[in-house]
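# Coordinate analysis (summary)
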Amino acid sequence: MSVSRTVVGAHYGWRDFAIQRLSGVVIIVFTLWLLIELLMLPALTYGNWAGLFATMRMKVVTSVAMLALAYHAWIGVRDIFMDYIKPAMLRLALQSATIVVLVGYVVWAFTILWRV
Amino acid sequence: MSESAAKPRPEFRNIHVSQILKYRMPGPAIVSILHRISGALLFLVGIPFILYLFQQSLTSELSFERYQAVVSHWFAKLVLLGLAWGFLHHLLAGIRFLFLDLHMGCDLPSARKSAAIVLFASLVLTALVGLKIFGVF
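Parameters and conventions
- Note on numbering: residues in each chain are counted from 1, in written sequence order.
- Each chain gets a letter, beginning with A, and each ligand a number, beginning with 1, in the order they are written.
- With the structure being a predicted model, the display of local features is reserved for residues of pLDDT at least 70 and the display and counting of side-chain atom pairs for 80 or more, all residues being used for whole-chain, interface and lining totals.
- Values shown for side chains rest on all heavy atoms present in the structure; no hydrogens or waters enter the calculation.
- Only DSSP runs of H or I covering at least 4 residues are called helices, and only runs of E covering at least 2 are called strands; the numbering of each starts at the N terminus.
- Atoms counted for the radius of gyration: C-alpha only. Globule rule: 2.2 Å times residue count to the power 0.38.
- Throughout this description, buried means an accessible area under 20% of the type-specific maximum (1.4 Å probe, protein chains only), exposed means over 50%, and partly exposed covers the range between.
- With residues, only the protein chains shown are counted as cover, and all accessible areas are computed by Shrake-Rupley using a 1.4 Å probe.
- Residues scored as charged are limited to Lys and Arg (positive) and Asp and Glu (negative), so that His and the chain ends carry no count.
- In this description, the location of a charge corresponds to atom NZ of lysine, CZ of arginine, CG of aspartate or CD of glutamate.
- The term salt bridge refers to a side-chain nitrogen of Lys or Arg lying within 4 Å of a carboxyl oxygen of Asp or Glu.
- A patch is a set of surface residues, each over 30% in relative accessible area and not in a salt bridge, joined within 9 Å for like charges and within 5 Å for the nonpolar side chains Val, Leu, Ile, Met, Phe, Trp and Tyr.

This next bit is on the overall build of chain B. Per the secondary structure count, chain B includes five helices and zero strands. Starting at the N terminus, the α and β elements of chain B follow one another as α-α-α-α-α. Since a compact globule built from 137 residues should have a radius of gyration of about 14 Å, the 21 Å found for chain B marks it as more spread out than a globular shape. By principal-axis analysis of the C-alpha atoms, chain B measures approximately 85 × 30 × 25 Å. When each of the 137 residues of chain B is scored for burial, the buried share is 28%. A total of about 9,400 Å² of accessible surface is found on chain B, and carbon and sulfur atoms cover 70% of it. Separation of charge centres in chain B, based on 12 positive and 6 negative side chains, amounts to 7 Å.

Scanning all chains against the criterion turns up five salt bridges over all chains. A salt bridge links Glu37 of chain A to Arg57 of chain A; its shortest N-O distance comes to 2.8 Å. Of this pair, Glu37 of chain A sits in helix H1 (residues 14–40) while Arg57 of chain A is found in helix H3 (residues 56–84), placing the two residues 20 residues apart along the sequence. A relative accessible area of 39% means that Arg57 of chain A is categorised as partly exposed. Note that Arg36 of chain B is salt-bridged to Asp83 of chain A, the shortest N-O span being 2.8 Å. Residue Arg36 of chain B is found in helix H2 (residues 27–59), and its partner Asp83 of chain A is found in helix H3; the two belong to separate chains. Accessibility expressed as a relative area gives 39% for Asp83 of chain A, which makes it partly exposed. Among the ionic contacts, a cluster of salt bridges with common partners joins Asp16, Arg78 and Asp79 of chain A.

On to a nonpolar patch on the surface. A cluster of nonpolar side chains, Tyr84 of chain A together with Ile15, Val17, Ile20, Leu21, Tyr23, Met25, Ile33 and Ile37 of chain B, forms an exposed patch at the surface whose accessible area comes to about 910 Å². With a relative accessible area of 36%, Met25 of chain B lands in the partly exposed category.

So, in structure tokens, the structure goes:
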């Protein structure tokens, strides 16, 4: 199977550029959302706090924000490695570890959310 | 003509890490590198620590008390203060970059001004968070 990749002017980086900004905006919106939900709690007790995340609305919004955060962190950390880590094998190892860690963070967050 | 032959033109290559301190970086450059450093901090420490606290605070009444015990330790407070700065700087610098992407505030005076605002505002907001964390209000 032949693989054809345009070497120049293909705009392959444009998708990551767009996703980085979109995921950033999602995180900003979630931050404001959470802040408002917190301000509307009568008091910060376990019952109120757990009750907030027991709602389907909070489960969905937090899950979406976590996915956005993981993708955002992937692009950012990958760019750091691309800039500073030149040996290919080391860079590959670090990038692979980053993906594993980020997937772990997402699963962890989902598990916490869906146990409430 | 002979002068240019005697005096070699200066060469500017990518700088090395060891040269960083000798460079006088303008505000926008400081915002940019701090955006990267704060992002790395949030990835390495922020996400796992916040998820741990999130889990402790939500799992049960008992774990909620453990969560309260953890966050009332002075070292945890210090870590949270550092993370608060990382988050606030990353957030404000990110918003600034979104405006630059929309070609707003790209001229030098505006870019310098917005960079100074980001650096200053993130520190002021971090100080406010610090006052809250250490129980001043």
